[in-house]
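A closer look at the structure
Spelled out from the first residue to the last, the chains are:
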Amino acid sequence: MIETEIFSEEQKPSKWIRLIFSLDLFVFIGAIIFVIHYLHSQNKPIEPTMVIILALAGIIPFSISILIGMCKLETKVCANGLYVRFFPLHINFKKFPFEDINECYACEYKPIAEYGGWGIRYGKNGKAYNMKGNRGLQIVFKNGKKLLIGSQKSEELTAAINSAIKK
C-alpha cells in the first residue's frame, strides 16, 4: 500500500514522439486509400482478402499510436519506500524499500548508448525505467544491482529519497 507521498512525478512521452506516431498512422491510411483508388481506377476488382489484409495491417500503427499515447512513468517517494510504475506495462507500482538501497544519486546518462533508448531497458549499467531526457536517479542496491529511473526532477527525487531514508 502506498503511503502519503513525499515526492511524486509523472512523465509522458514528448509531444514530438506522439506526433511522429500519429503522422505514421495518417500516412498508412493515405496508402490504403491510394491502393483502393488505384485498383478501382484500373477497373480491377478489389478482393475481399486484400481489404482484410489492409485493415489488419492498419491495426498495427494505430495500436502503437494508442499505446504510446497511454504510456507514462510514475515515480513516488513515500515514507516506506520508492514506488515506480511504467503504465500500461505495469498495472501496479513496483516497490523498492529503502532498506534495500545502498546509495542513490542524481546523474546524467546517455539513453541510447547506455540503455538502447527509452522505456523499460536493460543495459551495461543495469535496468532502466526512462521516458524522456537524459537525467535520472541512479540507485545501487545492497545486492549490487543497479536501477536507473529517468526523471525531469532528478535532484528533487534524490533529495526526497535521502530525506526519507534519514527519518
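The notes below deal with the structure included here. (Residues numbered from 1 in each chain as written. Predicted model: local features only at pLDDT ≥ 70, side-chain atom pairs only at ≥ 80, totals over all residues. Heavy atoms only, no water.)

When helices and strands are counted, the protein chain shows four helices and nine strands. Starting at the N terminus and walking to the C terminus, you meet the elements of the protein chain as β-α-α-β-β-β-β-α-β-β-β-β-α. Its C-alpha atoms give the protein chain a radius of gyration of 22 Å, more than 25% over the compact-globule value 15 Å for 167 residues. For the protein chain, the spread of C-alpha atoms along the three principal axes comes to 75 × 35 × 25 Å. For the protein chain, buried positions account for 37% of its 167 residues. (Helix = DSSP H or I, 4+ residues; strand = E, 2+ residues; numbered from the N terminus. Rg over C-alpha atoms; globule rule 2.2 N^0.38 Å. Buried < 20%, exposed > 50% of the residue type's maximum accessible area, 1.4 Å probe, protein only.)

Moving on, we come to the environment of Gly-136. You can see Gly-136 is positioned in strand β8 (residues 135-141). Note on Gly-136: relative accessible area 0%, which makes it buried. A sequence separation of 128 residues divides Gly-136 from Ser-8, and the C-alpha atoms of the two residues are 14 Å apart.

The element strand β3 (residues 81-87) is extensively covered by neighbouring structure, given that six of its seven residues are classed as buried. Here strand β2 (residues 72-78) runs beside β3; their pairing, made up of seven bridges, is antiparallel. Bridge pairing links Val-77 to Leu-82 in β3. In textbook terms, the turn of a hairpin is the stretch between consecutive antiparallel strands, and for β2 and β3 this stretch comprises two residues. Two elements, β3 and strand β4 (residues 94-96), share three bridges in a ladder whose sense is antiparallel. Bridging across to β4, Leu-82 finds its partner in Phe-96. Two successive antiparallel strands, β3 and β4, enclose a turn made up of six residues. (Pairing = 2+ DSSP bridges.)

Attention now goes to the sheet that holds β4. Read from one edge of the open sheet, four strands run β1-β2-β3-β4, paired in antiparallel fashion. One side of each edge strand has no neighbouring strand; the edge strands of this open sheet are β1 (5-11) and β4. Neighbour-to-neighbour, the strand axes of this sheet turn through a mean angle of 15°, independent of strand direction. In the packing of helix α4 (residues 154-166) onto the sheet, contacts are made with β1, β2 and β3, and the angle to β2 comes to roughly 30°. (Axes fitted to C-alpha atoms, helices over the stretch in contact; angles between N-to-C directions. Contact = heavy atoms within 4.5 Å.)

In this structure, Val-77, Leu-82, Ile-139 and Ile-161 are the most contacted members of the largest nonpolar core, which totals 22 residues. Elements supplying a minimum of two residues to this core: β2, β3, β5 (101-108), β8, β9 (146-150) and α4. At four residues, α4 tops the list of elements feeding residues into this core. In contact with Ile-161, other than residues within four places in its own chain, are Val-77, Leu-82, Phe-98, Cys-104 and Leu-137. With five residues, the next largest nonpolar core counts Cys-107, Tyr-109, Tyr-115 and Ala-128 among its residues. (Core = buried A, V, L, I, M, F, W, Y, C linked by side-chain atoms within 4.5 Å.)

In this section: the packing of aromatic side chains. This model, assessed by the stated rule, comprises two aromatic pairs. Taken together, a centroid distance of 5.8 Å and an interplanar angle of 35° make the contact between Phe-96 and Phe-141 tilted. Here Phe-96, found in strand β4, pairs with Phe-141, found in strand β8; they are 45 residues apart in sequence, far enough to count as distant. According to the relative accessible area criterion, Phe-141 is buried, its value standing at 10%. (Phe/Tyr/Trp six-rings, centres within 6.5 Å; stacked < 30°, edge-to-face > 60°.)

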